[in-house]
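# Overview (structure and organization)
Now for the letters of each chain:
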Amino acid sequence: MALLTILRYPDPRLHKLAKPVTQFDARLKQLAQDMAETMYDAPGVGLAATQIDVHERFIVIDVSEDRSDLLVLANPELVWASEEKIIWEEGCLSVPGIYDGVERHERVRVRAQDVNGEFFERDADGLLAVCIQHEMDHLMGKVFVEYLSPLKRNRIKTKLLKEEKAQARPGGPDKRRR
């Protein structure tokens, strides 16, 4: 297994549309393992292939406290969503350190394929429902900050670009600003 590099907003590759998974083979199983390891290490509760610059409709999610309930979704699609909505404080591994409220469906049913290509459906509510919707947005080239106002989004973009520039300087981040 290997830790993968997670793209950071506003990287334009985060806006690429993911293509359907067509081959359910050893490469896909390895990708699932590597994505899960990367997600757990980050630490996070979900990771879409788009976030690691693999533009296939593929997601890993684990919202359990003990990391014992890995959900792998290939070619996910929502087949039902509740009319009831909730506002959830979301974060994203591609937008580190940023959290804000996003309105989502409270409950969803997702239809997907597992790593062997077998179809299944799963009902979800709460954090799992939010996470499924969040990760599926990534497959459509959408990052959660795009639900925020243009002002907030621009502030976030400026902050992350500034941090990236500081990391790239010789000697790393500017220590004087602590």
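Quick note: structure is the one above.
Residues numbered from 1 in each chain as written. Predicted model: local features only at pLDDT ≥ 70, side-chain atom pairs only at ≥ 80, totals over all residues. Heavy atoms only, no water.

## As for the pattern of salt bridges
What the rule picks out here adds up to 12 salt bridges. Two residues, Lys152 and Asp100, come together in a salt bridge whose shortest N-O distance is 2.9 Å. Of the two residues, Lys152 sits in helix H3 (residues 150-168) while Asp100 sits in strand S5 (residues 95-105), which places them 52 residues apart along the sequence. Lys152 gets classed as partly exposed once you look at its relative accessible area, which sits at 39%. Residue Asp100 is classed as buried on the basis of its relative accessible area of 18%. (Salt bridge = Lys/Arg side-chain N within 4 Å of Asp/Glu carboxyl O. Helix = DSSP H or I, 4+ residues; strand = E, 2+ residues; numbered from the N terminus. Buried < 20%, exposed > 50% of the residue type's maximum accessible area, 1.4 Å probe, protein only.)

## Focus on the layout of surface pockets
Its boundaries defined by the atoms lining it, the largest pocket holds a volume of some 360 Å³. Considering the residues around the largest pocket, the lining is formed by 21 residues, among which Gly44, Val45, Gly91, Cys92 and Tyr99 are closest to the centre. Of all the elements in the fold, those that place two or more residues in the lining of the largest pocket are strand S4 (85-92), S5 and helix H2 (126-139). The leading source of residues in the lining of the largest pocket is H2, at six residues. Tallied by class, the residues present in the lining of the largest pocket amount to 11 nonpolar, seven polar and three charged. (1 Å grid on protein atoms, 1.4 Å probe; cavity = no way out; pocket = protein on both sides within 12 Å on 5 of 7 lines; lining within 4 Å. Points joined across faces, edges and corners; volume = space filled by probe spheres on them. Nonpolar A, V, L, I, M, F, W, Y, C, P; charged D, E, K, R; others polar.)

## A short note on the environment of Leu127
The topology assignment puts Leu127 in helix H2. Residues Leu127 and Glu146, spaced 19 residues apart in sequence, show a C-alpha to C-alpha distance of 20 Å. Not counting residues within four places of it along the chain, the set of residues in contact with Leu127 comprises Val63 and Trp88. (Contact = heavy atoms within 4.5 Å.)

## Here's the deal with the sheet that holds strand S7 (residues 119-125)
The five strands are arranged S1-S2-S3-S6-S7 in an open sheet whose pairing can be described as antiparallel. At either margin of the open sheet sits one strand with a lone partner, and together these are strand S1 (46-48) and S7. Within the sheet, the average angular offset between the axes of one strand and its neighbour, ignoring direction, is 40 degrees. Of the strand pairs in this sheet, strand S3 (residues 71-81) and strand S6 (residues 107-113) are connected by five bridges, and their pairing is antiparallel. (Pairing = 2+ DSSP bridges. Axes fitted to C-alpha atoms, helices over the stretch in contact; angles between N-to-C directions.)

Read these as layout, nothing more, since geometry by itself doesn't imply function.
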